[in-house]
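Examining the three-dimensional arrangement
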Amino acid sequence: MKGKNLWFYITTIGITGFLIWSCMQRGKLLEVNKVINNSIIHQGQSNLWQDLTHNLQHSLSILILQIIVIIIVARIFTIFFKRIGQPAVIGEILAGIVLGPSLLGWLMPDVSAFLFPAASLNNLQFLSQIGLILFMFVIGLELDTSVLKKQAHEALVISHSSIIFPFLLGVILSYFIYEQFAPDNIPFLAFALFMGIAMSITAFPVLARIVQERGLTRTSLGTMVITCAAVDDVTAWCLLALVIAIVKAGAVGPALITFLLSIGYVIFMFYILQPLMKRIGERYSSKEMVSRSVVALIFIILLVSSWMTEVIGIHALFGAFMAGVIIPDGSNFKRIIADKIEDIALVLFLPLFFVFTGIRTQIGLLDQSNYWVVCAAIVGVAVLGKLGGGALSARFVGQSWRNALSIGVLMNARGLMELIILNIGYDLGVLSPEIFAMMVIMALVTTFMTGPGLDVINRFLPEKSLKIPTYFGKVLMSFGKPEMGASLLRLSEMLTSKKKSQIEYTAMHISPHYDIFPEEAEIFEKESFTPIRQEAQKRNVSLNTFYKATEDVTDEIINFSKEQEPDILLLGAAQSLFNDDLLGGKIGRILNVTDCDTLVFSDRGLESVNNLLVIYYDLNDNFLLYYIRLIHENKPSIQVSILNLSSESAEKLREYWVPLNVQVLERQLLDKHFLNGFDLVIINKTKWEKIIETHSTWVKHCPSLLVIKQGTAQNKLLERNDAVQMSNK
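What comes next is a walk through the structure. (Residues numbered from 1 in each chain as written. Predicted model: local features only at pLDDT ≥ 70, side-chain atom pairs only at ≥ 80, totals over all residues. Heavy atoms only, no water.)

**Considering the overall build of the protein chain**
Our working rule: We count a stretch as a helix when DSSP gives it H or I for four or more residues in a row; a strand needs E for two or more, and each element gets its number in order from the N terminus. Think of it in three bands: with a 1.4 Å probe and only protein chains considered, a residue is buried below 20% of the maximum accessible area for its type, exposed above 50%, and partly exposed in between. The contact criterion used throughout is that any non-hydrogen atoms of two residues lie within 4.5 Å. Only the protein chains shown count as covering a residue, and every accessible area follows the Shrake-Rupley method with a 1.4 Å probe.
If you tally the helices and strands in the protein chain, you get 30 helices and ten strands. Across the 729 residues of the protein chain, 50% fall into the buried class. Sequence-distant contacts in the protein chain: of pairs separated by 6 or more residues, those separated by 24 or more amount to 80%. When the accessible area of the protein chain is evaluated, it comes to approximately 35,700 Å², of which 62% is carbon and sulfur surface.

Have a look at this one:
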């Protein structure tokens, strides 16, 4: 603080402080005619702990504490279940059950009573409903109606078959359990309809993420199952709206009026409001143009739509879903609105719904053996109806048994959408606490079995594919930044045979943003591969691509590498902000487990390679000769220099490196001036690790760098290429 500013600061504080003190002293003279009760003051001071306790138990304090605990526990469970290959929704549902009476209330009832007192549940339910409205709006935004036109006929058959079969089985099951488990004032029609619709639902968001995580988005199977799920989602929500109308009306006449009002609402949304939304989407197509007024308008439309369906009698969630559906496809406006809403809906509000559902789920009520028999029957009927109906109908329309069973397994995932329906049924009084708990368990089991079910199908019914011959080499490139992809392709061309048509190039980009919508993943995928695709087109190179969004980036690279069995794995290394160790962290793990030759490339502005430096320490570096030969064959004009840091003489080294025309340098000192004369430095991975350990200063002046780890499969690769060269002579 400068002297003038300090003087002003001290003077201002001093004068104002003196005036405040003077006012306080003069104010005491006014107490002469007042009766001051000092006991109140002393009582307040002595009961400070009681005041803190009272504040802690205030409804707002309890609600904030609940939100903190819910978010933390939900994220912990989500991370764990993502690591074992399960959808995040499984972890969030179980987090709710753990915080509910089934576990926390059983093990620590006092803690449960303090954290979730009965009086606070209404606030929690209110917030969870707001979160669900926002979530269903995002689901409507996510639904790409153009997808419904692709394979629409087959998808319609599969989707509706996977609805009607479990619906039928649900109604039949309700016939046998109605007397024992249905609430007293609920007619059989309402109970049977809710059991049927609960058996029929498919969790579109969970299914879409599973398809995305398994790299099926661009396959015919992925397109088909996404289309089926989209049709299923729309149909199921329309059926649910009809079922709610029938249950609330209690008779055919009022239900018919509700149905007609619903038809009028749908007509209004699609034929009056959707054209308006289309014009808005065309006008506000960039994030800069979407002002707060536009966002406020979207929220008004969302809330009015939810209010209309709630008043009609088909639940506010259906209105939120429809408000998202009418946002026009193919516009950037749709993605902008989703970005503004989905994070707060998914991270803050949605876990509240899961925990509220968990609090309602009283597994302790299933204290009789016959209850668990009924629970097993519910799970069996749900799996048989959905998986069986989907698989058989898919097989009927011409899908292979492998694809048909995969479609059935994926359509069987119920997840969050099931919980929404169950909570609606519970609120309407249609489902008893016992049936509610059984159905929540069914939602967990059917969602949990999706991943293992696909693994079983892949194991016993492997996909038949023709493998491309890779006689001259198979190169797998993995990169983070899109620009690195083009650099890796340019470099890999120098490291392979001249016969490019016989080389299989595969570019892999693994995104750490695992919790994203498929539409967003498509945008990321396109952006990630654009530079390398342009480079491949320029060089007339055939390129395969693989994209996946997952939390376990390193494991995915390792698993895909093992599956592809490349001759060379080329990794793009990001420059560390804290040190020069390119081989630490994720790359270090990959290097430790890969069998093939693994090359780590650090691009520091490499445009072309004219001067190449190979750092040679001992005989263990002789394997680098293979790569120098390839580089020299592809670009004979490159000047190759060997920096001899070994005890071998230059003449001996030339014998090793014959027939290449290389320059052997005996210089021992690496400095900035010396390294500036080279475009690329190649070094053995083990030697680089030793250099990092000794904190060599020349590392920060190094140009673009290629660190090579010799794989266990290189001898076989060398023999194969030598045989090829002999056959060509």
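**Considerations on the pattern of salt bridges**
Short version of the rule: Salt bridge, as used here: a side-chain nitrogen of Lys or Arg that lies within 4 Å of a carboxyl oxygen of Asp or Glu.
Considering all chains together, one arrives at eleven salt bridges under this definition. Close ionic contact of Arg539 with Glu493 constitutes a salt bridge, the shortest N to O distance being 2.8 Å. One end of the pair, Arg539, is in the loop between helix H23 (518–538) and strand E3 (543–549); the other, Glu493, is in helix H22 (residues 482–494), with 46 residues separating them in the sequence. The partly exposed category is assigned to Arg539, whose relative accessible area is 34%. A relative accessible area of 12% means that Glu493 is categorised as buried.

**Topic: the pairing of E3**
The line we're drawing: One requirement defines pairing of two strands: DSSP has to find at least two bridges between them.
In terms of residue burial, E3 counts as a mostly covered element, since five of its seven residues are buried. Of the strand pairs in this sheet, strand E2 (residues 504–511) and E3 are connected by seven bridges, and their pairing is parallel. By the bridge assignment, Ser511 is partnered in E3 with Ala549.

**Topic: the sheet that holds strand E7 (residues 639–644)**
Heads up, the rule is: Structural elements are reduced to axes, namely lines fitted to C-alpha atoms, with helices fitted over the stretch in contact, and the angle between N-to-C directions of any two is expressed from 0 to 180 degrees.
Strand order in the open sheet formed by ten strands is E3-E2-E1-E4-E5-E10-E9-E6-E7-E8, and the pairing between neighbours is mixed. Where the open sheet ends on each side, the last strands, each with one partner, are E3 and strand E8 (662–665). The mean angle between the axes of side-by-side strands here comes to 20°, regardless of whether they run parallel or antiparallel. By the bridge criterion, five bridges tie strand E9 (residues 680–684) to strand E10 (residues 704–709) in an arrangement that is parallel. Among the inter-strand pairings, Ile682 is bridged to a residue of E10, identified as Leu706. The sheet strands contacting helix H29 (residues 685–693) are E9 and E10, and the helix crosses E9 at an angle near 95°.

**Some details on the environment of Ala208**
With respect to the helices, strands and loops of the structure, Ala208 is situated in helix H11 (residues 204–213). Ala208 sits 14 residues away from Gly222 along the chain, and the two C-alpha atoms are 8.8 Å apart.

**Notes on helix H20 (residues 433–448)**
Note the following rule: Expected helix span is taken as 1.5 Å per residue step, with the number of steps being one fewer than the number of residues.
Its 16 residues place the ends of H20 23 Å apart at the C-alpha level, agreeing with the 22 Å of an ideal helix rising 1.5 Å per residue. Across the 16 residues of H20, twelve count as buried, placing the element largely inside the fold. Taken together, the buried positions of H20 are occupied by Ile435, Phe436, Ala437, Met438, Met439, Val440, Ile441, Met442, Ala443, Leu444, Thr446 and Thr447.

**Digging into the packing of H20 against helix H21 (residues 450–460)**
Spelled out, the test is: Under the convention adopted here, Pro, Cys and the residues Ala, Val, Leu, Ile, Met, Phe, Trp and Tyr are nonpolar, Asp, Glu, Lys and Arg are charged, and Gly plus all remaining residues are polar.
Close contact between H20 and H21 brings their axes to 4 Å; oriented N to C, the two are set at 35°. Facing H20, whose interface residues are Thr446, Thr447 and Phe448, H21 presents Thr450, Gly451 and Pro452. Taken together, the residues that form the contact of H20 with H21 break down as two nonpolar, four polar and no charged.

**Some details on unusual backbone geometry**
Of note in this structure, Asn540 is not a glycine but carries a positive phi near 60°. You can see Asn540 is positioned in the loop between H23 and E3. Under the relative-accessibility criterion, Asn540 is labelled exposed at 72%. Notably, Glu565 is not glycine yet its phi reads approximately 50°, a positive angle. Inspection of the secondary structure puts Glu565 in the loop between helix H24 (553–564) and strand E4 (568–572).

**Thoughts on the nonpolar core**
Worth spelling out the cut-off: Side-chain atoms within 4.5 Å link the members of a nonpolar core, which is a set of buried Ala, Val, Leu, Ile, Met, Phe, Trp, Tyr and Cys residues.
With 140 residues, the main nonpolar core has Phe194 and Ile420 as its most contacted residues. Ile420 has contacts with Leu132, Met136, Trp237, Leu317 and Phe353, leaving out every residue within four places of it along the chain. Among the nonpolar cores identified, the runner-up in size contains 47 residues, and Phe479, Leu495, Leu624 and Val640 belong to it.

**Section: the packing of aromatic side chains**
The cut-off we apply is this: Note on aromatic pairs: the rings of Phe, Tyr and Trp (six-membered ring only in Trp) are paired at centre separations within 6.5 Å, and the planes decide the class, stacked below 30 degrees, edge-to-face beyond 60, tilted for the rest.
According to the stated counting rule, one finds eleven aromatic pairs in the structure shown. Feature note: the residues Tyr178, Phe188 and Phe191 constitute an aromatic cluster, connected by ring pairs.

**With respect to the side chain of Ser646**
The test is simple: Two N or O atoms count as a polar contact when they lie within 3.5 Å, although within protein this holds only if one can serve as hydrogen donor and the other as acceptor, and sequence-adjacent residues are included solely when both atoms are side-chain atoms.
By the element assignment, Ser646 lies in the loop between E7 and helix H27 (650–657). On the basis of relative accessible area, Ser646 is assigned to the buried category, the value being 16%. A distance of 2.6 Å separates a polar atom in the side chain of Ser646 from a polar atom in the side chain of Asn644. Leaving out residues up to four positions away in the same chain, Ser646 has contacts with Tyr616, Tyr617 and Asp618.

**Overview of the environment of Val294**
For Val294, the position within the fold is in helix H14 (residues 292–312). Distance in space between the C-alpha atoms of Val294 and Ile280 is 8.7 Å, their sequence separation being 14 residues.

**Describing the side chain of Ser487**
Inspection of the secondary structure puts Ser487 in helix H22. Ser487 sits in the buried class, given a relative accessible area of 8%. Only 2.9 Å separates the side chain of Ser487 from the side chain of Asp603, close enough to count as a polar contact. Filtering out sequence-adjacent residues up to four positions away, Ser487 remains in contact with Phe601 and Asp603.

**A word on a nonpolar patch on the surface**
Filter applied, for reference: Within this analysis, patches are made of residues with over 30% relative accessible area and no salt bridge. Like charges are joined at 9 Å or less; nonpolar side chains (Val, Leu, Ile, Met, Phe, Trp, Tyr) at 5 Å or less.
A surface patch of nonpolar side chains, amounting to about 870 Å² of accessible area, comprises Leu242, Leu256, Phe259, Leu260, Ile263, Ile267, Phe268, Tyr271 and Ile272. With eight residues, the single largest contributor to the nonpolar patch is helix H13 (residues 252–283).

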